[in-house]
Amino acid sequence: ISQGVDCLFLAPNCHPWGNNSRASPEEYREKKRAEETDTLAFLAVACIFQVLLDRKYIIESCAYSDIFSKSPLKVLREIAFHLGLLDQCTCGGTLDGEFIRKRSHFQCSHVLHHLQSLCSGGHKHLNLRGKGLAAAAAKYPEQECKLIVLDAQMPIGTSERGRILSAKESITLGEFENLTW
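Since we're looking at a predicted model, the values are computed, not measured. (Residues numbered from 1 in each chain as written. Predicted model: local features only at pLDDT ≥ 70, side-chain atom pairs only at ≥ 80, totals over all residues. Heavy atoms only, no water.)

Draft legend 1. Structural context of helix 3 (residues 142–153). Compared with the 16 Å implied by 1.5 Å per residue over twelve residues, the 17 Å span of helix 3 between its first and last C-alpha is a close match. Residues Glu144, Leu147, Ile148, Asp151 and Ala152 constitute the buried set of helix 3. Buried residues of helix 3 fall within an arc of 135° about the axis and therefore sit on the same side. Away from its buried face, by an angle of more than 90 degrees, helix 3 presents the exposed residues Glu142 and Gln153. In this structure, the buried side of helix 3 is in contact with strand 1 (7–10), strand 2 (56–62), strand 3 (82–87) and strand 6 (103–108). (Helix = DSSP H or I, 4+ residues; strand = E, 2+ residues; numbered from the N terminus. Expected span 1.5 Å × (residues − 1). Buried < 20%, exposed > 50% of the residue type's maximum accessible area, 1.4 Å probe, protein only. Arc of directions from axis to C-beta. Contact = heavy atoms within 4.5 Å.)

Draft legend 2. Spotlight on helix 1 (residues 26–52). Between its terminal C-alpha atoms helix 1 stretches 36 Å, which fits the 39 Å expected from 27 residues at 1.5 Å a residue. A bend of about 40° at Thr37 is the largest found in helix 1. Among the residues of helix 1, Arg29, Arg33, Glu36, Leu40, Leu43, Ala44, Cys47 and Gln50 are the ones counted as buried. Positive phi shows up at Asp54, right after helix 1, with a value of about 60°. (Bend = angle between axes of the 7 residues up to and from the residue.)

Draft legend 3. Looking closely at the pattern of salt bridges. A full pass over the atoms with the stated rule returns eleven salt bridges. With its nearest N and O atoms 3.3 Å apart, the salt bridge here joins Glu60 to Lys102. One end of the pair, Glu60, is in strand 2; the other, Lys102, is in the loop between strand 5 (98–99) and strand 6, and 42 residues separate them in sequence. As far as burial versus exposure is concerned, Glu60 and Lys102 are alike and both buried. When the shortest N-O distance is used, the salt bridge between Arg103 and Asp87 registers 2.6 Å. Here Arg103 is found in strand 6, whereas its partner Asp87 is found in strand 3, with 16 residues between them in sequence. For Asp87, a relative accessible area of 0% puts it in the buried group. (Salt bridge = Lys/Arg side-chain N within 4 Å of Asp/Glu carboxyl O.)

Draft legend 4. Quick peek at the sheet that holds strand 1. Read from one edge to the other, the open sheet built from four strands follows the order 1-2-6-3, with strand pairing classed as mixed. With partners counted over all chains shown, the strands left at the sheet margins are strand 1 and strand 3, one partner each. Direction aside, neighbouring strands of the sheet carry axes that sit 20° apart on average. Where strand 2 lies against strand 6, five bridges are found, and the strand directions are antiparallel. Looking at the pairing, Ile58 lines up with Cys108 of strand 6. Contacting strand 1 and strand 2, helix 1 crosses the sheet at an angle of about 155° to strand 1. (Pairing = 2+ DSSP bridges. Axes fitted to C-alpha atoms, helices over the stretch in contact; angles between N-to-C directions.)

Draft legend 5. Structural view of the environment of Gln107. Here Gln107 shows up in strand 6. With relative accessibility at 0%, the residue Gln107 sits in the buried group. The spacing of Gln107 and Leu76 is 31 residues in sequence and 9.0 Å in space, taken between C-alpha atoms. Contact partners of Gln107, with chain neighbours within four places excluded, come to Tyr57, Ile58, Ile59, Phe68, Leu76, Arg77, Phe81, His82 and Leu83. Side chain to side chain, Gln107 and Tyr57 meet in a polar contact 3.3 Å long. At a separation of 2.5 Å, a polar atom in the side chain of Gln107 contacts the side chain of Arg77. (Polar contact = N/O pair within 3.5 Å; in protein donor to acceptor, adjacent residues only side chain to side chain.)

Draft legend 6. Local environment of the environment of Arg33. Looking at the secondary structure, you find Arg33 in helix 1. Filtering out sequence-adjacent residues up to four positions away, Arg33 remains in contact with Pro16, Trp17, Ser21, Asp66 and Lys70.

Shown next, in the form of structure tokens:
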């Protein structure tokens, strides 16, 4: 790669790590998780490189999965990280005309400004169990894609309270420069 990637967006296979996997027989679950281990180890290293190069990563997974506690991605919890939860219905997520909640968990190397959006209620949600509905809901609504891009494009020094100046930038304190306490 001759040019760096400012923000690496990842959405690994969460099936072996998701909430429903806990109901699978342990031997089957561990076999499926083992099939994903090398890929997740590679992704963890890629994310660590992003941080070391002062760049960003965003990882999307199903909410409350075991992927960050029982996979190679757990190493990313040993360095600074930020979390967001987003319900697809807040971004217009529907299947067959019915709202779907599909709560996504975003782990990022930077503060999130757009990917924290939980359903406030007021409508029913389609039950995603069976008939391949959960897999069909894995497609991001257009508005969710826009929110992901907005957070991916956010300057790395932006915090919840405003912009953090880099060492290269200066601020003029003017008359406040000589204040003492």
